[in-house]
Amino acid sequence: MQTFQLYEHASTVPVTSYNAQDWQRGYESLKQEFDYWIDDVEGDIPADLNGTLFRNGPGLLDINGQRIHHPFDGDGMIAKIGFKDGRAHFSNRFVRTKGYQEEQAAGRILYRGVFGTQKPGGWLGNAFDLRHKNIANTNVIYWGDKLLALWEAAAPYRLDPYTLETLGLEYLDGLLDPGDAFAAHPRIDGKTGRLVNFSIKPGLSSKITIYEFDPSGKLLTKHSHYVPGFAFIHDLAITPNYCIFFQNPVTFNPLPFVLGLQGAAQCIKFNPNRPTQIIIIPRNPKQPMQLLQTEAGFVFHHANAFEQGDKIYLDSICYESLSAVEAESDYRQTNFEALSPGQLWRFEIDLNSSQAEPWQPGGRSQAEPWQPGVQRQMLESRCCEFPWVNPTKVGQPYRYLYLGAAHAPSGNAPLQAILKVDLNSGTRQLWSAAPKGYVSEPIFVPRPETVNEDDGWLLTLVYDSAHHRSDLAILEARDLNRGSVARLHLKHHVPYGLHGSFTPDWFDPLRSQ
């Protein structure tokens, strides 16, 4: 049995912990679809870890050898790892979207990508083609007995949870109309089990629509709100009473996109001279929205939010700016050292501040660069992303946060480690896969019938560049210093993914045969 040893403790690896060529190979397409029991295992899979891990991300980085311009344009591929009685089963399958099937049949790129992928033919071959391909590549959730592959600019695709067969676009029992979007970052309330999600229609004044569902998938509320300016929003945070969004300070010039010169996302420009706007929308649709502002920065992902008295505390991964996706750039040649890292910040929002005023169309849209109603504090300076908390703590005061992180304590680098932050004591634990391993989002799975917040496991896919394959690492969330509980060696690599989820439901692989 061929195995490799992940570096379990950060101190064993030099500060320069990665090789650019090693990292790049994790972006090779995986064109084959697999279905097998995982027999190459180091350690023991916990006997009480039962259920299914679903992961989504771009599985195709080229179409018949024609490379896409950015991974975010890649067709979605679902990876499924089911656990039962100390064993694990792997399968993967591409989401058979309309665009995927058309391009596979044609053997070439037929659609422009949001992040710069162009059809052959130069700008003349792309001008005035404003179609986009639903790539269903960002997240995957099992909710209300439906497995949904999500991409924030379109409706979800529904999949069979046993076979991963694509069943078609899912309009949520008529809730969505053709052309409507359903974001890729739903939040599940840790107390009520309700799912909260949103959609954005950006413009000179942007429309945010919020949806809230009960655990069976029944719609409870739907309400829409308008905010001033162009809204480029990827994620939301929730508390028992509020949905919180960060409206990043960006502008959008559609002309290069319309003329076939750039992808839509390449037309978004970060403006460091404008503040970031905090949008606070009550979950009760009868209450008014509030707007505040804070220092300029860019946020993709929020970790968690909670209420204490008249204040909201929001923890988010913040960047100094949004890095531009240049037309002639190659994402595989990323110069990490030239970019500012994502870091964890806490925002304290005073809802009683005189600046936290309701907003109506035609109302105030500009303010001071930051406002006294918002205070911020850096919680973690290490380069980090993909935050996760115990699901029971979503929207609630919490103590432990888990993140993908760089191996080194400073600077920018690929994610090679899992970081545990104790927000009460300030202590840190770091499990590192460097120098040959590159980690994904750490998904927290609570141990059954436990009451302790950090009693559970972290599941993270690790790309092993030494053997060009991926492992699923199972970590003991209470103590990362113990190293991995088990490492499940796959027979192949899984390209770097985006988001995933875990359900205690088991979907027998015999149903897929």
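Residue numbering note: each chain is counted from 1, following its sequence as written. This being a predicted model, a pLDDT of at least 70 is required before a residue's local features are given, and a value of 80 or more before pairs of side-chain atoms are given or counted; all residues contribute to the totals for chains, interfaces and linings. Excluded from the side-chain calculations are hydrogens and water; all other atoms, namely the structure's heavy atoms, are used.

*Asks:* Is there a simple way to think about the UniProt feature "binding site: Fe cation" (unreviewed entry) in the protein in this case?
*Replies:* UniProt positions are given in the numbering used here, feature names are shortened, and annotations may be inferred rather than shown by experiment. Here, UniProt's "binding site: Fe cation" (unreviewed entry) annotation points to H185, H234, H301 and H499. Across 315 residues in sequence, these annotated residues keep their C-alpha atoms within 12.6 Å of one another, forming a single compact spot. Considering the arrangement of structural elements, one finds H185 in the loop between strand 11 (166-169) and strand 12 (187-188). Sequence-distant contacts of H185, defined by excluding residues within four places in its chain, comprise N197, F198, H234, D235, L236, H301 and H499. Positionally, H499 belongs in the loop between strand 35 (484-489) and strand 36 (500-503). Excluding anything up to four places from it in sequence, H499 contacts R55, N56, T138, N139, V140, H185, H234, H301, F386 and E441. Secondary structure is summarised from DSSP: a helix means a run of H or I of at least four residues, a strand means a run of E of at least two, and numbering begins at the N terminus for each. In this description, contact between two residues means that some pair of their heavy atoms is separated by no more than 4.5 Å.

*Asks:* What's the story with the confidence of the model for the protein in this structure? I'm lost.
*Replies:* In low-pLDDT regions, the fine details of the predicted coordinates are not to be read closely. Every residue carries a pLDDT, the predictor's confidence in it, which falls somewhere between 0 and 100. In this model, the protein carries a mean pLDDT of 92, and residues with pLDDT of at least 70 account for 93%. Here residues 1-11 scores under 50 on pLDDT; set against residues more than four positions off or in separate chains, the count is 39 contacts.

*Asks:* How do you make sense of the sheet that holds strand 30 (residues 428-432) when you look at a structure like this?
*Replies:* Sheet strands line up and pair through hydrogen bonds in the backbone, either parallel or antiparallel. Two strands make a pair as long as DSSP finds a minimum of two bridges between them. The four strands lie next to each other as 27-28-29-30, forming an open sheet whose pairing is antiparallel. Either end of the sheet is taken by a strand with one partner, and the two such strands are strand 27 (384-388) and strand 30. Between one strand axis and the next, the sheet turns through 25 degrees on average, direction left out of account. Relative to strand 28 (residues 400-405), strand 27 is paired through three bridges, and the arrangement is antiparallel. Each bridged residue has a counterpart across the sheet, and for C384 the counterpart in strand 28 is A405. Each axis is a line fitted through C-alpha atoms, taken for helices only over the stretch in contact, and angles between the N-to-C directions span 0 to 180 degrees.

*Asks:* Help me out: how do you make sense of helix 2 (residues 98-106) in this one?
*Replies:* Every α-helical turn comprises 3.6 residues, leaving residues that sit three or four positions apart pointing alike. Taken residue by residue, helix 2 has G99, Y100 and E103 as its buried positions. Along the axis of helix 2, the buried positions cluster into a sector of 100 degrees, meaning they face one direction only. Those residues of helix 2 that are exposed and aimed more than 90 degrees away from the buried face are K98 and A105. On its buried side, helix 2 packs onto strand 3 (51-60), strand 4 (62-63), strand 6 (75-84) and strand 7 (87-94). For the exposure calls, accessible area comes from a 1.4 Å probe over protein chains only, and a residue counts as buried if that area is under 20% of its type's maximum, exposed if over 50%, partly exposed in between. Here the arc refers to the set of directions running from the helix axis out to each C-beta atom.

*Asks:* Looking at this structure, how should I read the side chain of D73?
*Replies:* Among the secondary structure elements, D73 is positioned in the loop between strand 5 (66-67) and strand 6. None of His or the chain ends enter the tally, which takes Lys and Arg as positive and Asp and Glu as negative. What counts as a salt bridge is simple: a side-chain nitrogen of Lys or Arg found within 4 Å of a carboxyl oxygen of Asp or Glu. No salt bridge is formed by the buried D73; the nearest opposite charge belongs to K133, separated by 8.4 Å. Any N or O atom pair separated by 3.5 Å or less is treated as a polar contact, with the protein-specific requirement of one donor-capable and one acceptor-capable atom, and with residues adjacent in sequence counted only for side-chain atom pairs. Looking at D73, its side chain comes within polar contact range of the main-chain nitrogen of V114, at 3.1 Å. Those residues in contact with D73 that lie beyond four places of it in its chain are I68, G113, V114, F115, G116, T117 and I135.

*Asks:* Explain the packing of aromatic side chains to me, please; I cannot follow it from the model alone.
*Replies:* The way to describe two aromatic rings as a pair is by their centre distance and the angle between their planes. Pairing of aromatic rings covers Phe, Tyr and Trp, the last through its six-membered ring, and needs centres within 6.5 Å; plane angles under 30 degrees mean stacked, over 60 mean edge-to-face, and all others mean tilted. In this structure the tally under the stated criterion is 27 aromatic pairs. Taking 5.1 Å as the distance between ring centres and 85 degrees as the angle between the ring planes, the aromatic pair formed by F72 and F115 counts as edge-to-face. Taken as a pair, F72 in the loop between strand 5 and strand 6 and F115 in the loop between helix 2 and helix 3 (122-126) lie far apart in primary sequence, 43 residues in all. Residue F72 is classed as partly exposed on the basis of its relative accessible area, which comes to 31%. Seen in terms of ring centroids, F306 and Y313 are 5.3 Å apart; in terms of plane orientation they differ by 15 degrees. Their pairing is stacked. For F306, a relative accessible area of 5% corresponds to the buried category. The exposure class assigned to Y313 is buried, which follows from its relative accessible area of 14%.

*Asks:* Sorry if this is basic, but what is going on with the sheet that holds strand 10 (residues 157-159) here?
*Replies:* Read across the sheet, four strands follow the order 8-9-10-11 without closing on themselves; strand pairing throughout is antiparallel. The open sheet terminates on both sides in strands that have one partner only, identified here as strand 8 (139-143) and strand 11. The mean inter-strand angle of the sheet, taken between neighbouring strand axes irrespective of direction, is 30 degrees. One ladder, built from three bridges, connects strand 10 with strand 11; its direction is antiparallel. Of the residues in strand 11, the one forming a bridge with Y157 is L169.

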